[in-house]
Amino acid sequence: MNRAELERECRTYARYLIGQTPSEYVVGKYVDFHGQSKAAAGLAGPAGLDRFDQFLVGVSARGPLWARLADAYASQLRKDSAVRKKLIVTLALLECTPPSSEVLDRVDAGGPLGAVVRLALGGMLYALTLVVSVAIFTPVRLAMAVRLGSRPATRRER
Amino acid sequence: MDPILVVGSGASGVHFALTALRKGRQVTMLDVGHHGPDAVLPGETLNGLKRRLPDPAGYFLGPGFESLVLPGHEGEYYAFPPSKEHVFRPRQEFQVQAEGFSPLFSFAEGGLGEVWTGGCYPFNDGELRAFPFGYRELAPFYAKVAERIGITGASDDLSAVLPLHDGLSEPLKLDRHSALLLETYQGRRDYLKREFGCLMGRARLTVLSRDLGGRKQCTYLGRCLWGCPTQAFYTPSLTLAECRTFAKFQYCAGLYVDHFRMDAQGRVEKVVAYSADGQAHQFAAGSLVLAAGTLSSARIFLESIYQASGKVPELRGVMDNRQILMPFVNLWMLGRPWNPESYQYHQVAMAVQPPGTDECFHGLVTTLKTALIHPLVQTLPFDLGTGVSAFRNVHGALGMVNINFPDHRRDQNYVTLDVSSTPHRLAVHYHPDRAEPEHLKRTVATFRRVLWKLGCFAPARTVHVRPMGASVHYAGTLPMSDKATPLTCSAHCRSHDIENLYFADGSTFPDLPAKNITFSLMANATRIAEEAF
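Residues numbered from 1 in each chain as written. Chains lettered and ligands numbered in written order. Predicted model: local features only at pLDDT ≥ 70, side-chain atom pairs only at ≥ 80, totals over all residues.

**Q** Would you explain the overall build of chain B in this entry?
**A** Counting its regular elements, chain B contains 11 helices and 23 strands. For 533 residues, the compact-globule formula gives about 24 Å, and the C-alpha radius of gyration of chain B, at 23 Å, lands near that figure. The principal-axis extent of the C-alpha atoms belonging to chain B is close to 70 × 60 × 45 Å. Considering chain B as a whole, with its 533 residues, one finds that 53% of them fall into the buried category. (Helix = DSSP H or I, 4+ residues; strand = E, 2+ residues; numbered from the N terminus. Rg over C-alpha atoms; globule rule 2.2 N^0.38 Å. Buried ≥ 20, exposed ≤ 12 C-beta atoms within 10 Å, placed from the backbone.)

Quick look at the structure:
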């Protein structure tokens with residue numbers, strides 16, 4: 001996976017998570033993570049990921065909406081997936097660095113009642129997104145599994 | 001006269017050494033002594049640090065992202081700060097195998113006390129029942145340590161189980177969430193006490209609410225988790241620094257103590273230590289004080305016995321506090337702001353002694369403020385976008401109770417040395433009591449009900465039972481005993497087997513109450529130096 005693709009991922013994920021474009025520092029650290037960290041083993045390129053993981057990462061980088069769909073699917077059916085790991089890396093970088101850290105620390109107005117309403121709405125939106133994501137990604141995953149059955153598995157897939 | 005040799009610079013070792021030095025004794029301390037980084041931008045707040053550091057992610061997540069917590073990890077709810085990485089840096093010669101136990105070791109200057117959360121909880125008479133002394137005998141040493149290190153606390157309901165000793169200073173400013181918890185408790189205290197035997201009050205903490213010596217009072221920078229940059233929060237390396245101002249103190253760092261040798265009379269004669277290049281060093285000992293921590297001291301003792309006799313005893317009765325982490329949401333704090341510029345560890349403590357039982361459980365209540373949120377957000381049952389949004393609404397309402405359980409010496413739990421491999425390995429065997437699962441379940445249910453009465457919801461699925469060994473309150477391998485039986489110690493923690501050998505750490509504790517042990521370790525080490533030397 002080249003630098004431009006990683007930068008695109010990071011920008012998309014930041015927009016999905018906090019609604020803002022990340023600083024160049026965050027983007028640079030995101031790229032560094034994929035090159036340096038032991039924890040990144042297998043995340044930097046297609047060779048380390050299974051086909052469905054690759055697919056989810058590729059789709060999620062298209063835009064914040066796709067990132068939300070891929071993440072919603074992974075949150076229930078692929079919890080340790082690459083896309084979720086990459087999103088966590090992005091979140092960790094955003095929380096260490098202003099101004100994104102300030103966005104994450106900001107409390108919305110409205111007090112306890114406002115918080116309850118927002119939590120309820122968030123929960124409903126999540127449920128809807130999950131249904132849509134399952135409808136989209138489950139056929140893809142099944143199709144890949146069927147195709148996988150007709151050819152030798154890669155080391156990662158085994 | 002040969003000096004007193006002290007092994008280890010943790011909480012026990014430094015308070016023993018300082019007391020002996022103040023009595024005019026000559027002390028040599030042998031220690032591996034891994035050293036941590038210097039504090040960066042000491043006057044800056046946490047958010048100021050994020051703004052001013054050239055590489056904030058390197059500081060908070062580590063240069064190689066070591067503190068990043070990714071999905072799939074099995075561990076705690078928080079990331080370990082890179083600035084404290086040196087505390088658990090291993091030493092190659094030290095090998096351990098453990099069954100039913102996940103021990104932690106430190107070879108750092110200041111030992112495991114460099115990563116403690118500062119809780120200073122004296123044992124009361126009931127908890128000292130198995131000890132050869134009571135609270136009255138230990139109280140002067142609690143006070144002496146309190147005056148040295150600075151402890152904040154208050155006279156409140158908790159004083160019924162946490163004796164009030166001299167040397168306490170006024171507590172720090174409460175954060176909003178902790179204040180609300182105590183306020184709610186005050187409104188329901190009679191009911192909570194009657195139904196659950198629950199008492200709450202201010203935590204006893206080793207952080208300065210007023211200047212002490214050269215140390216300045218807490219200025220609420222909010223950086224506690226990454227290491228207090230102003231020394232307002234106490235760690236044993238501060239006492240080590242004080243020891244180093246004495247002419248009669250010699251600190252020999254970089255040395256791993258392997259064993260001691262005995263003379264024909266069975267007294268410790270020399271201590272053998274190795275530097276990192278494998279070179280052996282020998283130190284003559286008038287008296288030897290092992291303060292390397294219960295398990296490391298056990299290893300040195302066992303290796304020495306093996307070298308002298310070819311035999312490997314089993315040190316029975318090793319203990320540790322089981323801990324359970326119980327996250328909760330305070331419903332009254334939902335959507336409320338929180339202040340990052342506040343003290344970050346627990347400010348409130350609780351004691352629960354369910355009616356009809358004689359055991360007391362100790363809970364440390366920490367409200368969430370500046371801990372990194374990415375390890376927590378990923379545990380929420382949502383996608384991360386929803387999780388981040390939800391987290392902003394509940395951040396100020398989140399807290400965690402760390403419940404401590406007591407432990408007692410049981411013969412089936414022991415420490416020995418595996419000499420079948422080189423280097424020899426410390427072997428720890430631990431089996432919880434059969435009744436433990438039911439016991440934990442009941443206690444967790446009680447704490448959840450208490451929290452509910454305080455307006456807090458503790459989701460069952462987020463309760464985390466920490467593995468044995470995680471609390472690092474190890475004790476009981478060479479207990480104090482009135483009878484001079486082998487593998488025990490006198491009331492002054494002198495070995496009944498070897499005349500000039502002392503244990504100043506938790507090795508000698510014959511019982512382990514449900515409390516942080518560190519304050520009692522420091523007080524006991526001070527007592528030994530004061531009364532036996």
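**Q** Sorry if this is basic, but what is going on with the confidence of the model for chain A here?
**A** Close inspection of predicted coordinates is inappropriate in any region flagged by low pLDDT. Summary statistics for chain A give a mean pLDDT of 89 and a share of 91% for residues scoring 70 or more. A low-confidence stretch, residues 153-158 of chain A stays under pLDDT 50, and its non-local contacts, those more than four residues away or across chains, total 7 contacts. (pLDDT = per-residue confidence, 0-100. Contact = placed C-beta atoms within 7 Å.)

**Q** Please clarify how the interface of chain B and chain A should be interpreted in this entry.
**A** When the parts of a complex come together, some accessible area is lost, and that lost area is often used as the size of the interface. Each partner contributes to the interface: chain B provides 33 residues, whereas chain A provides 44 residues. Counting only elements with at least two residues in the side of chain B that touches chain A, the list comes to α2 (46-52), α3 (56-61), α8 (374-377) and α9 (384-394) of chain B. Broken down by element, the side of chain B that touches chain A gets its largest block of residues, 8 residues, from α9 of chain B. Looking at side-chain class alone, the side of chain B that touches chain A contains 18 nonpolar, 10 polar and 5 charged residues. (Nonpolar A, V, L, I, M, F, W, Y, C, P; charged D, E, K, R; others polar.)

**Q** What is the right way to look at the sheet that holds strand β8 (residues 256-262) of chain B in this model?
**A** Consider a sheet: its strands pair through backbone hydrogen bonds, and that pairing is either parallel or antiparallel. Residue and element names in this part refer to chain B. As summarised here, the arrangement of the 3 strands in space is β8-β9-β10, forming an open sheet in which the pairing is antiparallel. The open sheet has two edge strands with one neighbour each: β8 and β10 (280-284). Pairwise comparison of adjacent strand axes, ignoring direction, gives a mean angle of 25° for this sheet. Inspection of the sheet shows β8 paired to strand β9 (residues 268-274) by 6 bridges, in the antiparallel sense. If you follow M262 over to β9, its bridge partner there is V268. (Pairing = 2+ DSSP bridges. Axes fitted to C-alpha atoms, helices over the stretch in contact; angles between N-to-C directions.)

**Q** Would you mind showing me how to read the confidence of the model for chain B here?
**A** Residues at a pLDDT of 70 or more form 99% of chain B, whose mean pLDDT is 95. Overall fold confidence (pTM) sits at 0.94, and the ipTM for the predicted complex is 0.92.

**Q** I tried to follow the sheet that holds strand β12 (residues 315-316) of chain B on my own but got confused; where do I start?
**A** Residues and elements named next belong to chain B. Taken together, 4 strands build an open sheet; the order of strands is β3-β19-β18-β12 and the sheet is mixed. Two strands close off the open sheet at either side, each with one partner strand: β3 (95-99) and β12. Pairing analysis gives 5 bridges linking strand β18 (residues 414-418) to strand β19 (residues 425-429), with the strands arranged antiparallel. Following the sheet pairing, V415 is matched in β19 by V428.

**Q** Hey, could you run me through unusual backbone geometry in this one?
**A** It is generally the case that most residues other than glycine have a negative phi and that most peptide bonds are trans. Residue P99 of chain A follows P98 of chain A across a cis peptide bond; omega there is 5°. Relative to the helices and strands, P99 of chain A is located in the loop between α5 (82-96) and α6 (100-105). Note that the residue after T422 of chain B, namely P423 of chain B, is joined by a cis bond; omega there is -5°. Structurally, the position occupied by P423 of chain B is in the loop between β18 and β19. Although it is not a glycine, F65 of chain B adopts a positive phi angle of roughly 60°. Secondary-structure assignment places F65 of chain B in the loop between α3 and β3.

**Q** Please clarify how helix α5 (residues 176-196) of chain B should be interpreted in this entry.
**A** Along an α-helix, residues three or four positions apart point the same way, because every turn accommodates 3.6 residues. Residues and elements named next belong to chain B. An ideal rise of 1.5 Å per residue puts 30 Å on 21 residues; α5 reaches only 25 Å between its terminal C-alpha atoms. Its maximal kink placed at R188, α5 deviates by approximately 75°. Buried residues of α5: H177, S178, L180, L181, Y185 and L192, and no others. Taken from the residues just after α5, G197 is the one with a positive phi, measuring 65°. (Expected span 1.5 Å × (residues − 1). Bend = angle between axes of the 7 residues up to and from the residue.)

**Q** Whenever I open this one, the packing of helix α4 (residues 64-77) of chain A against α5 of chain A confuses me. Can you help?
**A** Each pair of packed helices can be described by the angle between their axes along with the distance between the axes. Residue and element names in this part refer to chain A. Remark: α4 packs on α5, axes separated minimally by 9 Å, with the N-to-C direction vectors making an angle of 110°. The angle between α4 and α5 places the two elements in the roughly perpendicular class. Between α4 and α5 the crossing geometry is left-handed. Counting all contacts with α4, which are made through A70, D71 and A74, the residues of α5 involved are V83, R84 and L87. (Parallel < 35°, antiparallel > 145°, perpendicular 65-115°, else oblique. Left-handed = near helix turned anticlockwise from the far one by under 90°.)

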